[in-house]
Amino acid sequence: MFFLLNILGVLIVAGLVFLCSPAKRKIKWRSLLSLFIVELLITWFMLTTSIGTWIINKIAAFFSWLVSCANDGIAFAFPSVMANDTIDFFFSALMPIIFIVTFFDILSYFGIMTWIIDKVGWVISKISGLPKMESFFSIQMMFLGNRRL
């Protein structure tokens, strides 16, 4: 039931995007369908196999470590604030976000994010049949938002 509800949600969002599209005749349905099928397969693999669960746990552990590093840095810079039982939203949420964004900026500076985005964009372009630049740009937006590498 939960799976069907998620599929319904995806179809509703896709329908709304279609209704708002100014160029409905130019939509490449084969590309969309192939990417949707690949997304379902990856989701199935990550959630039902032991290898997928292991990968998700490693990624979660990495980001938990990043947040822990951010909290240690905040505790070093603002020890009186972090000693309280209740921590302000600025210190508990916004400061770790600033740390993690800076971490990804460092990865971008050394070309690591550019390399990852290039390889993932290449794979997406091969799966979907869309041009490499279009795939590269979509992966860049996913990882970094609207900014230049």
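Remember, it's a predicted structure, so these values are computed and weren't measured experimentally.

Draft legend 1. Expanded view of the packing of aromatic side chains. The final tally for this structure, using the stated rule, is 7 aromatic pairs. Three or more aromatic residues joined by ring pairs form one cluster here, namely Phe62, Phe63, Trp65, Phe103 and Phe104. Across from the ring centre of phenylalanine 18, 5.8 Å away, lies the NZ or CZ of lysine 24, which sits over that ring.

Draft legend 2. A look at the nonpolar core. In terms of nonpolar packing, the biggest core is built from 8 residues, these being Leu66, Ile100, Phe104, Leu107, Met113, Ile117, Phe136 and Ile139. Secondary-structure elements contributing two or more residues to this core are α5 (89-109), α6 (112-128) and α7 (132-144). With 3 residues, the single largest contributor to this core is α5. In this structure leucine 107 touches Ile112 and Met113, once residues within four positions along its chain are discounted.

Draft legend 3. Representation of the layout of surface pockets in the model. Approximately 1,300 Å³ is the volume attributed to the largest pocket. Taken together, 36 residues make up the lining of the largest pocket; nearest its centre are Leu35, Glu39, Ile124, Ile139 and Met142. Contributions of two or more residues to the lining of the largest pocket are made by α1 (2-20), α2 (29-48), α3 (50-77), α6 and α7. Counted by class, the lining of the largest pocket contains 29 nonpolar, 4 polar and 3 charged residues. What the second largest pocket holds in volume is close to 260 Å³. In terms of lining residues, the second largest pocket is bounded by Phe2, Phe3, Asn6, Ile7, Val10, Phe36, Glu39, Leu40, Thr43, Trp44, Leu47 and Thr48.

Conventions adopted
Residues numbered from 1 in each chain as written. Predicted model: local features only at pLDDT ≥ 70, side-chain atom pairs only at ≥ 80, totals over all residues. Heavy atoms only, no water. Phe/Tyr/Trp six-rings, centres within 6.5 Å; stacked < 30°, edge-to-face > 60°. Lys NZ or Arg CZ within 6 Å of the ring centre and 35° of its normal. Core = buried A, V, L, I, M, F, W, Y, C linked by side-chain atoms within 4.5 Å. Buried < 20%, exposed > 50% of the residue type's maximum accessible area, 1.4 Å probe, protein only. Helix = DSSP H or I, 4+ residues; strand = E, 2+ residues; numbered from the N terminus. Contact = heavy atoms within 4.5 Å. 1 Å grid on protein atoms, 1.4 Å probe; cavity = no way out; pocket = protein on both sides within 12 Å on 5 of 7 lines; lining within 4 Å. Points joined across faces, edges and corners; volume = space filled by probe spheres on them. Nonpolar A, V, L, I, M, F, W, Y, C, P; charged D, E, K, R; others polar.

By themselves, these are just geometric observations and shouldn't be taken as functional.
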